[in-house]
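Letter by letter, the chains look like this.
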Amino acid sequence: MTAPESSSPLLHAFDEKDKVFASAFLILQEAIAQRAFPAASIAVTHRGRLVARKALGRFVYDDDSGAPSLASFATEPASSLSKGGDCEVNASTLFDLASLTKVVATTPMTMLLYERGLLDLDAPLAAIVPEFTTDPQKDPRRHEVTLRTLLAHSSGLPAYERLFLKARTRAELLQAAFTIPLAADPATRAEYSDIGFIILGVALERLADESLDRFCQREIFAPLAMTNTTFNPPAEIRAQIPPTANDQTFRRRIIQGEVQDENASVLGGVAAHAGLFSTAADLAKVAHAMLNGGRPILRHETVSLFTRRQPVPPGTSRALGWDTPSSPSQSGKYFSPHSFGHLGYTGTSLWIDPARQLSITLLTNRTWPDCSNQAIKKIRPKFHDAVIEALPKT
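Here the structure is a predicted model, which is why all the values come from computation and not from measurement.

Rules and cut-offs
- Residues numbered from 1 in each chain as written.
- Predicted model: local features only at pLDDT ≥ 70, side-chain atom pairs only at ≥ 80, totals over all residues.
- Heavy atoms only, no water.
- Helix = DSSP H or I, 4+ residues; strand = E, 2+ residues; numbered from the N terminus.
- Rg over C-alpha atoms; globule rule 2.2 N^0.38 Å.
- Buried < 20%, exposed > 50% of the residue type's maximum accessible area, 1.4 Å probe, protein only.
- Contact = heavy atoms within 4.5 Å.
- Polar contact = N/O pair within 3.5 Å; in protein donor to acceptor, adjacent residues only side chain to side chain.
- Pairing = 2+ DSSP bridges.
- Axes fitted to C-alpha atoms, helices over the stretch in contact; angles between N-to-C directions.
- Parallel < 35°, antiparallel > 145°, perpendicular 65-115°, else oblique.
- Left-handed = near helix turned anticlockwise from the far one by under 90°.
- Nonpolar A, V, L, I, M, F, W, Y, C, P; charged D, E, K, R; others polar.

### Quick look at the overall build of the protein chain
Of the regular secondary structure elements, the protein chain holds 13 helices and 11 strands. Against the compact-globule benchmark of 21 Å for 394 residues, the protein chain has a radius of gyration of 20 Å, which places it among compact chains. When the backbone C-alpha atoms are referred to their principal axes, the protein chain occupies close to 60 × 55 × 35 Å. Out of the 394 residues in the protein chain, the part that is buried amounts to 58%. Long-range contacts, defined as pairs at least 24 residues apart, comprise 71% of the intrachain contacts of the protein chain with a sequence gap of at least 6.

### Focus: the side chain of Asn 365
Its place among the elements puts Asn 365 in the loop between strand 11 (358-364) and helix 13 (376-390). Reaching out from Asn 365, the side chain makes a polar contact with the backbone oxygen of Phe 59 at a distance of 3.0 Å.

### What to know about the sheet that holds strand 1 (residues 11-12)
If you trace the 6 strands from one edge of the open sheet to the other, you get 1-3-2-11-10-9, paired in mixed fashion. Taken across any chain shown, the strands that pair with only one partner, and hence form the sheet edges, are strand 1 and strand 9 (340-344). Across 8 bridges, strand 2 (residues 39-46) lies against strand 3 (residues 49-57) in antiparallel orientation. Paired with Ala 40 across the strands is Leu 56, a residue of strand 3. Along the sheet, helix 11 (residues 280-291) makes contact with strand 2, strand 3, strand 9, strand 10 (348-353) and strand 11, crossing strand 11 at roughly 155°.

### Re the packing of helix 4 (residues 101-115) against helix 12 (residues 300-307)
Angle between the axes and distance between the axes are the two parameters that describe a pair of packed helices. At a minimum axis distance of 10 Å, the contact between helix 4 and helix 12 shows a crossing angle of 125°. As summarised for this structure, helix 4 and helix 12 are arranged oblique, according to the angle between their axes. Considering only the axes of helix 4 and helix 12, their crossing is right-handed. Together, Thr 107, Thr 110, Met 111, Tyr 114 and Glu 115 of helix 4 and Thr 302, Val 303, Leu 305 and Phe 306 of helix 12 make up the contact between the two elements. In terms of residue class, the contact of helix 4 with helix 12 is made up of 5 nonpolar, 3 polar and 1 charged.

### Some details on the environment of Met 111
Following the sequence through the fold, Met 111 ends up in helix 4. Spatially, the C-alpha atoms of Met 111 and Arg 299 are 9.2 Å apart, while their sequence positions differ by 188 residues.

So, in structure tokens, the structure goes:
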């Protein structure tokens, strides 16, 4: 196997960003003022250069807006996680990536194992995770679930289940995931499934004979110099991370510097569907590698395979791990049909367009103080369009 060639570094060229992207930044400033999310961090790469890096807002809404401060929400006196809660964000601020974990960690790990001949996309899941076929219903369709269908969200597994309500440990939650009934015949319907990725993570760890976080740190984050990307941020830096929820029903505390997703929390903060924390600048490095044919960690052929829209089931927008623009799309109206990207529940997104040699990362904590605010769905495509309209046309 030929190793990927070395990649040219991502050049910094954002001295004029405030002038060039004034309209795009204004959209985010207005969104913060209208309480769509308290904080945002962005990075834009174009033609091999980091042309914009910007952080806006504060960890929580300003006190004078009528919103309680983070400290007043704290459930423990003088909580170490609430200190600095009203801070302004900066370019080094980490965000909870939520489901961007799927394409920043899990999918690249899958791609690497595929390249090394350790993973067959069409292998039945049951051959790697036999527990998947020990369900009480003895459903024969479970033998038809493959790694490809898990990556393409066409496995037939349900979209989401609150497994954390009946599982107190990692082992219990995985057992609940392994035995959950199928909601559809495999490869007949595309339904985005966290459950599928939770099980995929187990399969990957068994194929690699290594945990997800250790493999990704050595094989993905370190080679790409993603020095601010991690699962389970250490306790000493958690107060420097914007909170994502005032959880008064499950964990009964402010969620700051620990994964917002409850299933991932029970799994110990390291999961294939959620759990990763990072900065916009680090995600720009992932995008830069993908735009350079995967270099220095992957081969061009592998990137092409995994970012290509799947033919089955008909009409799906899903690639392998990645999503592609649908109509209407959260990527906006300008990303080409060859683009690929993903969203995260906490208000994060990464979209990459090989045709334009462009990537846009947007990180927010729109789930603060709860997940009811859906305004980002209108703001994100508008922001993307404004960024592209500001780029040089030649």
